Amino acid sequence: MKKMIVKGEQKLTGEVTVGGAKNSAVALIPAAILAETPVKLDSVPDILDVHNLMIILRSMNVESHFNHGVLEIDPTQIKKAPLPGDAIRSLRASYYFMGALLGKFGEATVGFPGGDDIGPRPIDQHIKGFKALGAVVEEEGNKVHIKAGSEGLKGARIFFDLVSVGATINVLLAAVMAKGTTIMENAAKEPEIVDLATFLNNMGAKIRGAGTDVIRIEGVDSLKATNTHTVIPDRIEAGTYLAFAAANGNGVLVKNVITEHLDPFIAKLQEMGVRLEINEDSIYVPGGDLLAPVTVKTAPYPGFATDLQQPITPLLLKAKGTSQVIDTLYPGRVLHIKEMQSMGANISSKDGIITIKNSESLIGSEVSAGEIRAGVSLLGLALMSKGTTVINNADNILRGYERIIDKLRGLSIKIEIITDNREDGDK
Ligand SMILES: CC(=O)N[C@H]1[C@@H](OP(=O)(O)OP(=O)(O)OC[C@H]2O[C@@H](n3ccc(=O)[nH]c3=O)[C@H](O)[C@@H]2O)O[C@H](CO)[C@@H](O)[C@@H]1O
Ligand SMILES: C=C(OP(=O)(O)O)C(=O)O
């Protein structure tokens, strides 16, 4: 496990360029096995999740090469094989191999995925979708076996009981080469789903309506890549740097941003009184604003993203008054709270409502990154605190923030990362 060591009372200043979206990349990589040709992705973030997906690909005899953001995947020699349990459990998106393998071979055996510890994360809607396409699904121990009937998968109408990014993507991957038409209703609308549909359509898929709550898929016989697909910018990484710049910056330009993807987040910053200069594909944050408290309620896209409720917390701690965060998607997403309290933050949680009060005397401490966004929010707080903060289990941050040490150094922050050989969970 890695640990980050951050000196306090440091202001961010300068420019930072946002990388490709984690939640797009982790869907595009499993999707690549559906192709009959090699696939080339550009702007792929250099994050642990991507490296673990490459390990999973290799176990199926799918070679991949990653160099300066370009990921080349050759699925032409793919073989059915057991998938490596450690890599599967290291991230959430490994469950996209359920849909992708089902689409490719008509069957899949995949272990239950890992991902962030943010409360219960059932996959009943994924399974409902696979069954609707005619697959038989059996759970055995910690694995799920999914098998299409003798005539293969058949298009179907699926109404999801709730809006799920993962279920929408997984069923899309299975349906893209199924026979006939699939209609997904109450589908998720996240930009990463649109990115995946664009990638698949450019290879010959027939997907309409991605980005709306009804997605219609006409099954095709084969998919072939003819050009390089560029991954969309990571709106969560962008939001994280914007929040840190507003809380503790002295002039920060965040580059490579699709500003529309951040609309609810930008609106919330503006409601707090944060000045933002919004350009075509970048946002400048002058910093130093007097901040008003707000209520943040997370919701599926285009609502306020759950993945940004923790990164905005350092900013809320600076507001003059009491703010509230209600995470409707993951009410148990609170691993930052105890750690922030140990740094002197006035933050607490009761009955699904997180209360955040103005906190002036923050002190560096030894804390643990329980999951990616909890971890990065501690990093934001560390910069505002007196003294040094040590963040243990920093690998959780590296799951989804590419080159974060270099990017922070580029914003004139002094930060170190070292490998800690003690047991996980040590402080
Ligand atoms: C790899 C990836 O893209 N991860 C994102 C994805 O996770 P993920 O795809 O796992 O999240 P979902 O959109 O599926 O989850 C939304 C809500 O639906 C519930 N649910 C989901 C599926 C299901 O079968 N049954 C069920 O009850 C979940 O518990 C949660 O409360 O969307 C989340 C919500 O925006 C983000 O926090 C994650 O960063
Ligand atoms: C919850 C997240 O990721 P995952 O779904 O990959 O665990 C996240 O990126 O904040």
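Residues numbered from 1 in each chain as written. Chains lettered and ligands numbered in written order. Predicted model: local features only at pLDDT ≥ 70, side-chain atom pairs only at ≥ 80, totals over all residues. Heavy atoms only, no water.

An unreviewed UniProt entry annotates the protein chain as UDP-N-acetylglucosamine 1-carboxyvinyltransferase originating from Ligilactobacillus hayakitensis DSM 18933 = JCM 14209. Note on the protein chain: under the UniProt heading Sequence similarities (unreviewed entry), the record states "Belongs to the EPSP synthase family. MurA subfamily." Of the comments in the UniProt record for the protein chain, the one headed Subcellular location (unreviewed entry) reads "Cytoplasm". (UniProt positions renumbered as here; feature names shortened; annotations may be inferred.)

**Thoughts on the domain arrangement of the protein chain**
Segmenting the protein chain into domains produces domain 1 (2-19 + 233-419) and domain 2 (22-230). The centre of domain 1, based on its C-alpha atoms, is set 30 Å off from the matching centre of domain 2. With 21 residues of domain 1 at the contact, the number on the domain 2 side is 22 residues. Between domain 1 and domain 2, roughly 1,800 Å² of surface is buried when both sides are summed, and carbon and sulfur atoms account for 52% of that area. Looking at the side of domain 1 facing domain 2, the largest losses of area belong to Tyr301, Tyr330 and Arg399, adding up to 37% of the total buried there. Applying the counting criterion to the domain 1 and domain 2 interface returns 2 salt bridges. The partner of Arg235 in a salt bridge is Glu192, and the shortest N-O contact between them spans 2.9 Å. (Domains from an automatic or database assignment. Contact = heavy atoms within 4.5 Å. Buried area = accessible area lost by both parts, 1.4 Å probe. Salt bridge = Lys/Arg side-chain N within 4 Å of Asp/Glu carboxyl O.)

**Let's talk about empty space enclosed by the protein**
A complete count under the given rule lists 3 cavities of 30 Å³ or more for this structure. In this structure, the largest cavity spans a volume of roughly 50 Å³. Counting residues per element, the ones that place at least two in the lining of the largest cavity are helix H8 (235-248) and helix H9 (263-272). Partitioning the lining of the largest cavity into residue classes produces 8 nonpolar, 2 polar and 1 charged. (1 Å grid on protein atoms, 1.4 Å probe; cavity = no way out; pocket = protein on both sides within 12 Å on 5 of 7 lines; lining within 4 Å. Points joined across faces, edges and corners; volume = space filled by probe spheres on them. Helix = DSSP H or I, 4+ residues; strand = E, 2+ residues; numbered from the N terminus. Nonpolar A, V, L, I, M, F, W, Y, C, P; charged D, E, K, R; others polar.)

**With respect to the sheet that holds strand S5 (residues 70-74)**
On the basis of which strands lie adjacent, the open sheet formed by 4 strands has the order S4-S5-S3-S13 and mixed pairing. Strand pairing shows two members of the sheet lacking a second neighbour, strand S4 (63-67) and strand S13 (229-230), which therefore form its edges. With 2 bridges joining them, strand S3 (residues 39-42) and S13 adopt parallel strand pairing. Following the sheet pairing, Leu41 is matched in S13 by His229. (Pairing = 2+ DSSP bridges.)

**Let's talk about the environment of Asp351**
With respect to the helices, strands and loops of the structure, Asp351 is situated in the loop between strand S19 (346-350) and strand S20 (353-357). Given the relative accessible area of 72%, Asp351 is considered exposed. Between the C-alpha atoms of Asp351 and Asp213, which are 138 residues apart in sequence, the distance is 30 Å. (Buried < 20%, exposed > 50% of the residue type's maximum accessible area, 1.4 Å probe, protein only.)

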